[in-house]
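# Fold and geometry: a report
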Amino acid sequence: MINDLMHSIERLSPRSALSYAHYLGTITQLLMLLMAVSLSCWSDTAAPAATQKTVSLVTSKFPPYMDPELADNGLLVAITRAAFNKVGYKLTLSYRPWADILLDLKPGQYDGILGVWFRPERQAWLAYSQPIGVNRIVLFKHADFQFEFTGFDSLKPYTIGVVSGYASTPEFAAANLNLASVTGDEENVDKLVNRRVDFTLMDDMVMHKLMKKKYPHLNVLEEVGLVVESEDTFVGFYRSSPDFQQALTDFNRGLAKIRQDGTFVRIMNQYEGQGEH
């Protein structure tokens, strides 16, 4: 097409030919620019996107830390997801009863556990991340139940609601108390409200979140004043997972990034006040 136009220019007057040639040059430049842009767009579209790694974790319902009913699935889920996102991972999360997570999971079913406490014996099969949060475990009772704690022996006449599989301190375990086990914290809240147990052992934020949800107009429970344990919580990666070491390293790197850029603090601030009635 351009050759035909050039032959046409030769038949024009010199002045007309000069103007026409200038016009043709401008059109040619525009066509070349459009071709370059088109090629660039095609290249971007046709190039395969970088493969995003996926990590599959399992946890149990533990509001406000982990809860599928919350918009962001809870405080610790939000922190964990943000850390993985920073290093190019997509988090998939499944919920199971805690006892099942510790006892019944088949190798390779998940890459790790979200929200697990450190215990030396678990290191044989779990590789622990840097801490992602802290749990404050306390005893709760009915507000009108008169009781003075003078040591774990003072709890022996009573029934204490606990969750199967939850870790406890050696001192609490050695006290040989009368424990009533259930599969989840929500059931223990119901039992304590209805006086089917005398005490329950629970994270304080979990208790207050469940009371707001289930009994918003009741203010009948209170802390005994005893902090049984204060535990850092972690992501634990199964050592049986083929890429556990890389996933662990990458997660710790992402966790450091969200601590440095303020994301960690912003997420924590969103949950301020969750532990209040």
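Residues numbered from 1 in each chain as written. Predicted model: local features only at pLDDT ≥ 70, side-chain atom pairs only at ≥ 80, totals over all residues. Heavy atoms only, no water.

### Considerations on the pairing of strand β8 (residues 199-203)
- Burial within β8 is extensive, with 5 of its 5 residues counted as buried.
- Alignment of strand β5 (residues 133-142) against β8, held across 4 bridges, turns out to be antiparallel. Bridge assignment links Ile137 to a residue of β8, and that residue is Asp203.
- Two strands pair when backbone bridges link them, and strand β6 (residues 159-163) and β8 are joined in this way by 2 bridges, in the parallel orientation. (Buried < 20%, exposed > 50% of the residue type's maximum accessible area, 1.4 Å probe, protein only. Helix = DSSP H or I, 4+ residues; strand = E, 2+ residues; numbered from the N terminus. Pairing = 2+ DSSP bridges.)

### Things to note about helix α3 (residues 75-86)
- With 12 residues, α3 ought to run about 16 Å at 1.5 Å a step, and its terminal C-alpha atoms sit 17 Å apart, in line with that.
- Most of α3 is tucked away, with 9 of its 12 residues classed as buried.
- Buried residues of α3: Leu75, Leu76, Val77, Ala78, Ile79, Thr80, Ala82, Ala83 and Phe84, and no others.
- Following α3 by one or two positions, Gly88 adopts a phi angle in the positive range, close to 85°. (Expected span 1.5 Å × (residues − 1).)

### Some points on the pattern of salt bridges
- One pass over the full model with this rule turns up 15 salt bridges.
- Notably, a salt bridge pairs Asp204 with Arg136, separated by 2.8 Å at the nearest N-O pair. Separated by 68 residues along the polypeptide, Asp204 in helix α7 (residues 204-214) and Arg136 in strand β5 bring together distant segments of the chain.
- A residue is classified by how much of its surface remains accessible, and Arg136, at 31% relative accessible area, is partly exposed.
- Put simply, Lys61, Glu69, Glu186, Asp190, Lys213 and Lys214 are held in one network by salt bridges that share partners. (Salt bridge = Lys/Arg side-chain N within 4 Å of Asp/Glu carboxyl O.)

### Some thoughts on the packing of α3 against helix α8 (residues 244-260)
- Viewed as axis vectors pointing N to C, α3 and α8 meet at an angle of 105°, and their least axial separation amounts to 7 Å. Taken together, α3 and α8 sit at an angle that is classed as roughly perpendicular. Contacts between α3 and α8 involve Ile79, Thr80, Ala82, Ala83, Phe84 and Lys86 from the first element and Ala247, Phe251, Gly254, Leu255, Lys257 and Ile258 from the second.
- Class assignment for the residues of the contact of α3 with α8 results in 8 nonpolar, 2 polar and 2 charged. (Axes fitted to C-alpha atoms, helices over the stretch in contact; angles between N-to-C directions. Parallel < 35°, antiparallel > 145°, perpendicular 65-115°, else oblique. Contact = heavy atoms within 4.5 Å. Nonpolar A, V, L, I, M, F, W, Y, C, P; charged D, E, K, R; others polar.)

### What about the nonpolar core?
- Ile79 and Phe237 are the most contacted members of the largest nonpolar core, which totals 45 residues.
- Per element, the largest residue contribution to this core is 8 residues, and it comes from α3.
- Ignoring any residue separated from it by four or fewer positions in sequence, one finds Phe237 in contact with Val55, Phe84, Asp111, Gly112, Trp125, Leu126, Ala127, Ser129, Phe244, Ala247, Leu248 and Phe251.
- Residues Val162, Ala167, Leu201 and Val228 belong to the second largest nonpolar core, which totals 16 residues. (Core = buried A, V, L, I, M, F, W, Y, C linked by side-chain atoms within 4.5 Å.)

### Here we look at the pairing of β5
- Most of β5 is tucked away: 8 of the 10 residues are buried.
- Where β5 and strand β9 (residues 221-238) come together, 9 bridges link them in antiparallel fashion. By the bridge assignment, Gly133 is partnered in β9 with Thr233.

### Examining the packing of aromatic side chains
- All chains considered together, the criterion is met by 18 aromatic pairs.
- Aromatic pair Phe84 and Tyr89: ring centres 5.5 Å apart, planes at 45°, arrangement tilted.
- Classification of Phe84 as buried rests on a relative accessible area of 0%.
- Residues Phe147 and Phe199 carry aromatic rings whose centres are separated by 4.9 Å and whose planes lie at 65° to one another, so their mutual orientation is edge-to-face. One end of the pair, Phe147, is in the loop between β5 and β6; the other, Phe199, is in strand β8, with 52 residues separating them in the sequence.
- Over the face of the ring belonging to Phe264 we find Arg259, whose NZ or CZ atom lies 4.1 Å from the ring centre. (Phe/Tyr/Trp six-rings, centres within 6.5 Å; stacked < 30°, edge-to-face > 60°. Lys NZ or Arg CZ within 6 Å of the ring centre and 35° of its normal.)

### Topic: the side chain of His142
- Here His142 is to be found in strand β5.
- Ignoring any residue separated from it by four or fewer positions in sequence, one finds His142 in contact with Leu192, Val193, Arg195, Val220, Leu221 and Glu222.

### Quick notes on the environment of Leu210
- Along the chain, the position of Leu210 falls in helix α7.
- Taking relative accessible area as the criterion, Leu210 reaches 3% and is therefore assigned buried.
- The spatial distance from the C-alpha of Leu210 to the C-alpha of Phe62 is 9.3 Å, given a sequence separation of 148 residues.
- Every residue in contact with Leu210, bar those within four places of it in the chain, is listed here: Pro63, Asp185, Glu186, Val189 and Tyr215.

### Observations concerning unusual backbone geometry
- Cis geometry is adopted by the peptide bond preceding Pro64, which originates at Pro63 and carries an omega value of 5°.
- Inspection of the secondary structure assignment puts Pro64 in the loop between β1 (53-59) and α3.
- Here the phi dihedral of Asn73 falls at roughly 70°; this positive angle occurs in a residue that is not glycine.
- With respect to the secondary-structure elements, Asn73 resides in the loop between β1 and α3.
- Notably, Arg195 is not glycine yet its phi reads approximately 60°, a positive angle.

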